[in-house]
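Now for the letters of each chain:
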Amino acid sequence: MQIVVAGSGGVGKSSITIQWLQQRFLTDYDPTIEDKYRKKVFVDGSMEAIEVIDTAGQNNYLTNRERAFRSGDGFLLVFSLTSKESLKEVCDIYKNIVRLRDRDDLPMVLVCNKRDLIEERQVSDEELQKLTEELRLPLLECSAMEHEHARVAFSNIIRFIRNF
Ligand code: GTP
Ligand code: MG
């Protein structure tokens, strides 16, 4: 199954992906063009061959990104609690995927990242609630510093795809 990690630039897509795959936190920011990874994992007792596509958040690589939006079996839609703008952009990405695939019931999980940066938080609980009601998607809070958070995010989308 193919999992696509999407969201605007710098929100932590690569950090969450690498934390899940390699159990380490990426401290430096190196904007992604597009990275693909393969991994076999056990989820709920059965094995799954996963391909992760870590997409570009910066808008220079829209062709690659659209290709991934067309092919993904499921999506982690990432935004950052430290950026209101990234919340708006994640809604636009959601709408873009729905438009490209012509359906709104695809497996998707919202991931609000950087929850460790409490002082820099710009997004309120009310805004999060509004977002989940609007898009009708599950929402997970995450810090890419925590392996457990990354594991939970990927396990959730894997289950969602399996049950789809
Ligand atoms: P693009 O590839 O440009 O789309 O960005 P990205 O979404 O992949 O962001 P990336 O994972 O490269 O993270 C950007 C910066 O934010 C890096 O310096 C990370 O260390 C930092 N970062 C990512 N997630 C977290 C987090 O949960 N907490 C904190 N404190 N920093 C984070
Ligand atoms: Mg990246």
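Refer to the preceding data block for the structure.
Residues numbered from 1 in each chain as written. Chains lettered and ligands numbered in written order. Predicted model: local features only at pLDDT ≥ 70, side-chain atom pairs only at ≥ 80, totals over all residues. Heavy atoms only, no water.

A. Up close: the coordination of the magnesium ion (ligand 2). Ligation of the magnesium ion (ligand 2) by protein atoms is provided by Ser-14 (OG) and Thr-32 (OG1), these donors lying 2.0 to 2.1 Å from the ion. Taken as a pair, Ser-14 in helix H1 (residues 13-22) and Thr-32 in the loop between H1 and strand S2 (34-43) lie far apart in primary sequence, 18 residues in all. The two residues Ser-14 and Thr-32 agree in class, both being buried. (Donors = N, O, S within 2.8 Å, 3.2 Å for Na, K, Ca; no water. Helix = DSSP H or I, 4+ residues; strand = E, 2+ residues; numbered from the N terminus. Buried < 20%, exposed > 50% of the residue type's maximum accessible area, 1.4 Å probe, protein only.)

B. Focus on the environment of Asn-60. Relative to the assigned elements, Asn-60 resides in the loop between strand S3 (46-55) and helix H2 (62-71). Judged by relative accessible area, which is 56%, Asn-60 ranks as exposed. Taking the C-alpha atoms as reference, Asn-60 lies 19 Å from Ser-71; in sequence the two are 11 residues apart.

C. Looking closely at the pairing of strand S1 (residues 2-6). For S1, the buried fraction is high: 5 of the 5 residues fall into the buried class. Alternating residues of S1 divide into Gln-2, Val-4 and Ala-6 and Ile-3 and Val-5, and every residue in both groups is buried. Two strands pair when backbone bridges link them, and S1 and strand S4 (residues 74-80) are joined in this way by 4 bridges, in the parallel orientation. What sits directly across from Ala-6, in S4, is Leu-77. (Pairing = 2+ DSSP bridges.)

D. How the structure looks around the pairing of S4. Most of S4 is tucked away, with 7 of its 7 residues classed as buried. Of the two faces of S4, both are covered, the one formed by Gly-74, Leu-76, Val-78 and Ser-80 as well as the one formed by Phe-75, Leu-77 and Phe-79. Here S4 pairs with strand S5 (residues 108-113) via 6 bridges, running parallel. Paired with Val-78 across the bridge in S5 is Val-111. The parallel pair S4 and S5, bridged by helix H3 (residues 84-101), forms a crossover whose chirality is right-handed. (Right-handed = clockwise from strand over helix to strand, strands pointing away.)

E. Summary view of the side chain of Glu-48. Of note, Glu-48 is situated in strand S3. In contact with Glu-48, not counting residues within four places along its chain, are Met-1, Lys-39, Lys-40, Val-41, Ile-158 and Arg-162. (Contact = heavy atoms within 4.5 Å.)

F. Up close: the sheet that holds S4. Overall, mixed pairing links the 6 strands, which are arranged S2-S3-S1-S4-S5-S6 in an open sheet. Both outer strands of the open sheet, S2 and strand S6 (139-141), are each paired with one neighbouring strand and no more. Each strand of the sheet is rotated relative to its neighbour by a mean of 25°, with strand direction disregarded. Running over the sheet, helix H4 (residues 125-135) touches S4, S5 and S6 and is turned about 165° from S5. (Axes fitted to C-alpha atoms, helices over the stretch in contact; angles between N-to-C directions.)

G. Up close: unusual backbone geometry. Phi at Lys-114 is positive, roughly 65°, even though this residue is not glycine. As for its position among the elements, Lys-114 is in the loop between S5 and H4. Even without glycine at this site, Arg-136 takes up a positive phi of about 50°. Relative to the elements of secondary structure, Arg-136 occurs in the loop between H4 and S6.

H. Structural detail: the nonpolar core. Residues Phe-69, Phe-75, Leu-77, Phe-79, Ile-97, Met-108 and Leu-110 are the most contacted members of the largest nonpolar core, which totals 26 residues. Among the secondary structure elements, those contributing two or more residues to this core are S1, H2, S4, H3, S5 and H4. Among the elements that line this core, the one with the most residues is H3, at 8 residues. Residues in contact with Leu-110, not counting those within four places in the same chain, are Leu-77, Phe-79, Val-90, Leu-131, Thr-132, Leu-135, Leu-137, Pro-138, Leu-139 and Leu-140. Ile-3, Ile-16, Val-109 and Phe-154 belong to the second largest nonpolar core, which has 23 residues in total. (Core = buried A, V, L, I, M, F, W, Y, C linked by side-chain atoms within 4.5 Å.)

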